Amino acid sequence: MDHTYDDQNIFAKILRGEIPNATVLETEHSLAFNDISPQAPAHVLVIPKGPYVCFDHFAAAASDAEIADFTRAVGEVCRLAGVAADGYRLIANAGRDGVQDVPHLHVHVLGGRRLGRMLSPVS
Ligand code: 5GP
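Residues numbered from 1 in each chain as written. Predicted model: local features only at pLDDT ≥ 70, side-chain atom pairs only at ≥ 80, totals over all residues. Heavy atoms only, no water.

In this section: the side chain of D69. Position of D69 relative to the elements: it lies in helix 3 (residues 64-80). For the buried D69, no salt bridge exists, and the shortest N-O distance to an oppositely charged side chain is 7.5 Å, to K49. When neighbours within four sequence positions are excluded, D69 is seen to be in contact with T27, E28, H29 and S30. (Helix = DSSP H or I, 4+ residues; strand = E, 2+ residues; numbered from the N terminus. Buried < 20%, exposed > 50% of the residue type's maximum accessible area, 1.4 Å probe, protein only. Lys, Arg positive; Asp, Glu negative; His and termini not counted. Salt bridge = Lys/Arg side-chain N within 4 Å of Asp/Glu carboxyl O. Contact = heavy atoms within 4.5 Å.)

What follows is the structure, encoded as structure tokens:
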């Protein structure tokens, strides 16, 4: 997959402060904010501040400090979103088959209701 970063993507604009977001958590290397179109009572997106397209790009190219910060931010968001006790789902869509809409790595933190089975049949 092509890991060329498009700095005009919507999350790059959020990181530059060009469009607003409802911040849940900000750390040195990560930002978490509510999804604009929530699919569950709790739906938070966690992104690294660096220009990484998807998870495998981030895992290969980010520094240890960025990876540690991001991993801890996702865990902290689970607590802040109130889903750590009853459970949650993490999703990181990537590329064509993952149906990724925004080409900046993001982990969806979903919870607050029973989420159903992991995947729906593809029509
Ligand atoms: P993807 O399909 O790439 O995994 O998910 C992209 C997510 O970004 C979607 O859940 C969508 O609702 C969310 N999103 C798209 N544009 C914006 C925006 O401008 N602000 C916020 N907070 N979320 C957005």
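So, about the sheet that holds strand 3 (residues 42-48). Strands belonging to one sheet form pairs held by backbone hydrogen bonds; the direction of such a pair is parallel or antiparallel. Pairing within the open sheet is antiparallel, and its five strands lie in the order 1-2-3-5-4. Whereas interior strands pair on both sides, the edge strands pair on one side only; in this sheet they are strand 1 (23-26) and strand 4 (88-91). Averaged over all neighbouring strand pairs, the angle between strand axes comes to 20 degrees, with direction disregarded. In the packing of helix 3 onto the sheet, the strands contacted are strand 1, strand 2 (30-34), strand 3, strand 4 and strand 5 (107-111), and the crossing angle to strand 3 comes to about 165 degrees. (Pairing = 2+ DSSP bridges. Axes fitted to C-alpha atoms, helices over the stretch in contact; angles between N-to-C directions.)

What follows is about unusual backbone geometry. The phi angle at V99 is positive, at roughly 55 degrees, despite the residue not being glycine. Among the structural elements, V99 can be located in the loop between strand 4 and strand 5. Overall, the relative accessible area of 57% leaves V99 in the exposed class.

On to the site of the ligand. As a structural note, the neighbourhood of the ligand is formed by 16 residues, with D35, N93, D101, H106 and H108 the closest of them. The contact in question runs from an oxygen atom of the ligand to an N or O atom on the side chain of D35, over 2.5 Å. Within the backbone of D101, a nitrogen or oxygen atom sits 2.7 Å from an oxygen atom of the ligand. Calculation on the ligand without its partners gives an accessible area of 530 Å², and the protein chains cover 83% of this total. (Near = heavy atom within 4 Å. Polar contact = N/O pair within 3.5 Å; in protein donor to acceptor, adjacent residues only side chain to side chain. Areas by Shrake-Rupley, 256 points an atom, 1.4 Å probe, with all protein chains shown as cover.)

To continue, consider helix 3. One turn of the α-helix equals 3.6 residues, which is why residues spaced by three or four share an orientation. Here helix 3 contains 17 residues, and its C-alpha end-to-end distance of 24 Å stays within 8% of the 24 Å for a straight helix at 1.5 Å per residue. Residues of helix 3 that are buried: E66, D69, F70, A73, V74, V77 and C78. Buried residues along helix 3 sit in contact with strand 1, strand 2, strand 3, helix 2 (55-61), strand 4 and strand 5. In the segment just after helix 3, G82 is the residue with positive phi, at about 80 degrees. (Expected span 1.5 Å × (residues − 1).)

Following the criterion strictly, the structure yields four salt bridges and no others. Salt-bridge contacts for R16 lead to E18; the nearest nitrogen and oxygen are separated by 2.7 Å. The partner of D97 in a salt bridge is R96, with the nearest N and O atoms 2.9 Å apart.

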